[in-house]
Amino acid sequence: MTDKVSIDLSGPSQTMLTTLYCKALDADWEQPILGDDYAKAAVARIDYDWDELKVNNRWTPLVTVRTAQFDVWAGEFLAAHPDATVIHVGCGLDSRVFRLDPGPGVQWYDVDFPAVISLREKIFPSRPNYHLVPTAATDPSWLDAIPADRPTLLLAEGISMYLTEDDGIALLQHVIDRFKTGEIAIDYYSRLVVRSQKTHRLQRQSGSTLYWAVNKPSDVLGRLAGARLVDAVTFFDASTFGRASGVFRLMRHLVRPLPPLRRTFQYHRYAYGPVS
């Protein structure tokens, strides 16, 4: 396959191009945070002027630290549950199913808007036990079509902020109620980030709007029945932060005494169902 793939995306779906490009740039680092060669191949396949994104290479950790942290959590879950179901909602053009290469006992579902899934079909190969679901995340019918007979991991990376709080809580509650046992990995923007969204170039470029803001795990767990906290870290104290560029290491030092700035980007891991 040598022909370039054209794209036609808008709103939140358009932001996935920035995250994809950040991962591709990171893959060329001498010591990458994520090391995603699939992202490099995807960028090469897409007919797009990537310079239009105006992405500075040194800022790529804002994406790759989070994605690498989710890879760690997903890998731990799959090691404990080799017969699991994984649901990656708002998957965009992320290649996690290929990076982690789960075993034959895992059923993996990548979920996103129809235009995004159509693009994925042109860029990435198929594989056994791998399912693509073209739908909006907030339509509950797609969840009810997934068998609920095994431990289930929901990965919700880079999507919560584009949902209203009520829609986001409803999605998480539906997962807990239907699948009975498993985990949820999800990231949030703080209220400071959401309130200042008009200053964010990415939001202006895509025309998208941020809604759901979370400052601490209790903001979510206080509304979510049946979930318990496994881990909660910020961008600055994630286990995958170690190879971030010098500018971010300096920022971590500067924001340490300033909680509103330290918690701008948060990654939460919840469990539900019986304790294994």
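Provided above is the structure to which this section pertains.
These lines cover the structure that appears in this document, whether it is placed above or below. All residue numbers here refer to positions counted from 1 along the written sequence of the relevant chain. Note on the predicted model: pLDDT of at least 70 is required for a residue's local features to be given, and 80 or more for side-chain atom pairs to be given and counted; whole-chain, interface and lining totals, by contrast, use all residues. In computing side-chain properties, one takes all heavy atoms of the structure into account and sets aside hydrogens as well as water.

Check the secondary structure of the protein and you find 12 helices and 7 strands. Just to be clear, the radius of gyration here is over C-alpha atoms, and the globule rule we use is 2.2 Å times residues to the power 0.38. Whereas a compact globule of 276 residues would reach a radius of gyration of roughly 19 Å, the protein reaches 18 Å, a difference of no more than 12%. Along the first, second and third principal axes, the C-alpha set of the protein runs to 50 × 45 × 35 Å. Type-normalised accessible area, obtained with a 1.4 Å probe on protein chains alone, sets the label of each residue: buried when under 20%, exposed when over 50%, and partly exposed for intermediate values. Counting every position in the protein, which comprises 276 residues, the buried fraction comes to 52%. Taking as baseline every contact in the protein between residues at least 6 positions apart, the subset at least 24 positions apart corresponds to 75%. What sets the accessible areas is the Shrake-Rupley method with a 1.4 Å probe; for residues, cover comes only from the shown protein chains. With the model as given, the accessible surface of the protein reaches about 12500 Å², and the carbon-plus-sulfur share is 53%. A run of DSSP states H or I qualifies as a helix once it reaches four residues; a run of E qualifies as a strand once it reaches two. Both are numbered from the N-terminal end. By definition, residues are in contact when any of their heavy atoms lie within 4.5 Å.

Let us now look at the packing of aromatic side chains. When two rings of Phe, Tyr or Trp (its six-membered ring) have centres within 6.5 Å they constitute a pair, described as stacked for plane angles under 30 degrees, edge-to-face for angles over 60, and tilted for the intermediate range. A complete count under the given rule lists 15 aromatic pairs for this structure. Taking the centre distance of 6.5 Å and the plane angle of 85° together, the rings of Phe-235 and Phe-265 count as edge-to-face. You can see Phe-235 sitting in the loop between strand S6 (227-234) and helix H11 (246-255) and its partner Phe-265 sitting in strand S7 (residues 265-272), a full 30 residues away along the chain. What makes Phe-235 buried here is its relative accessible area of 1%. An aromatic cluster is defined as three or more aromatic residues linked by ring pairs; in this entry it consists of Trp-59, Tyr-189, Phe-235, Phe-236, Phe-241, Phe-248 and Phe-265. Above the face of the Phe-179 ring, Arg-178 is positioned so that its terminal group lies 5.6 Å from the ring centre. Here, over-ring charges are defined by two tests on the NZ atom of lysine or the CZ atom of arginine: distance to the ring centre within 6 Å, and angle to the ring normal within 35 degrees.

Let us look at the sheet that holds S7. The strand order across the open sheet formed by 7 strands is S3-S2-S1-S4-S5-S7-S6, and the pairing between neighbours is mixed. The open sheet terminates on both sides in strands that have one partner only, identified here as strand S3 (130-134) and S6. Going across the sheet, the axis of each strand differs from the next one's by a mean of 15°, ignoring polarity. At least two DSSP bridges between two strands are required for those strands to pair. Where S6 meets S7, 7 bridges bridge the pair, whose relative direction is antiparallel. Across the sheet, Ala-232 pairs through a bridge with His-268, a residue of S7. Helix axes are fitted to C-alpha atoms over the stretch in contact, other axes to C-alpha atoms as well, and angles between N-to-C directions run from 0 to 180 degrees. Against the sheet, helix H3 (residues 61-80) touches strand S1 (85-89), strand S2 (107-112), strand S4 (152-156), strand S5 (182-189), S6 and S7, its axis set at about 15° to S7.

Once that is clear, we can look at the pattern of salt bridges. Definition used for salt bridges: Asp or Glu carboxyl oxygen within 4 Å of a side-chain nitrogen of Lys or Arg. Across all of its chains, the model carries 19 salt bridges by this definition. Notably, a salt bridge pairs Asp-36 with Arg-99, separated by 2.9 Å at the nearest N-O pair. Of this pair, Asp-36 sits in the loop between helix H1 (15-26) and helix H2 (37-45) while Arg-99 sits in helix H4 (residues 96-100), placing them 63 residues apart in sequence. On the accessibility criterion, Asp-36 (1% relative accessible area) is buried.

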